[in-house]
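If you want the building blocks of each chain, they are given just below.
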Amino acid sequence: MTKSNLPDVKNKAGVKNFSCEVCGKLMHHWKSLDLHMKMHSGETQCHLCHKVLNRSYALKLHLFKVHGISSHPHM
Ligand SMILES: [Zn+2]
Ligand SMILES: [Zn+2]
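Definitions and cut-offs
Residues numbered from 1 in each chain as written. Chains lettered and ligands numbered in written order. Predicted model: local features only at pLDDT ≥ 70, side-chain atom pairs only at ≥ 80, totals over all residues. Helix = DSSP H or I, 4+ residues; strand = E, 2+ residues; numbered from the N terminus. Buried ≥ 20, exposed ≤ 12 C-beta atoms within 10 Å, placed from the backbone. UniProt positions renumbered as here; feature names shortened; annotations may be inferred. Expected span 1.5 Å × (residues − 1). Contact = placed C-beta atoms within 7 Å.

**Examining the overall build of the protein**
Alright, step 1. Looking only at helices and strands, the protein features 3 helices and 2 strands.
Alright, step 2. Relative to its full complement of 75 residues, the protein shows a buried share of 1%.

Take a look at the structure:
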């Protein structure tokens with residue numbers, strides 16, 4: 001077996017990259033892309049400083065820590 005017989009090892013191995021159609025970032029798993037797309041949808045973006053968090057829980061923490069805003073005003 002020679003190296004020349006293996007034209008594209010990465011594709012042959014079944015490893016498929018998922019690229020974000022918004023920013024072109026490459027993900028190795030569709031779940032990662034799914035999570036990533038939430039960032040673009042604004043779901044996890046801070047409306048004050050426009051920082052993008054990777055999950056809604058992180059956004060809640062961010063709002064509280066950075067901006068002093070609690071998402072539970074009744075607490
Ligand atoms: Zn993206
Ligand atoms: Zn913020």
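There is more to say, and it comes next.
**Regarding the UniProt feature "domain: C2H2-type" (unreviewed entry) in the protein**
Alright, step 1. Annotation from UniProt places "domain: C2H2-type" (unreviewed entry) at residues 18-45.
Alright, step 2. Helix makes up 43% of residues 18-45 and strand 14%, and the two end C-alpha atoms of the span are 22 Å apart.

**So, helix H3 (residues 56-67)**
Two residues of an α-helix separated by three or four positions point the same way, owing to the 3.6 residues in each turn.
Alright, step 1. An ideal rise of 1.5 Å per residue puts 16 Å on 12 residues; H3 measures up with 15 Å between its terminal C-alpha atoms.
Alright, step 2. Backbone geometry just downstream of H3 places Gly68 in the positive-phi region, at approximately 70 degrees.

**Looking at unusual backbone geometry**
Alright, step 1. At His50, a position not held by glycine, the phi torsion is positive, near 65 degrees.
Alright, step 2. Among the secondary structure elements, His50 is positioned in the loop between helix H2 (30-41) and H3.

**A word on the environment of Leu26**
Alright, step 1. Note that Leu26 resides in strand E2 (residues 26-27).
Alright, step 2. Put simply, Leu26 and Lys16 are 10 residues apart on the chain and 9.9 Å apart in space, counted from C-alpha to C-alpha.
Alright, step 3. Excluding residues within four positions of it along the chain, Leu26 makes contact with Asn17 and Ser19.

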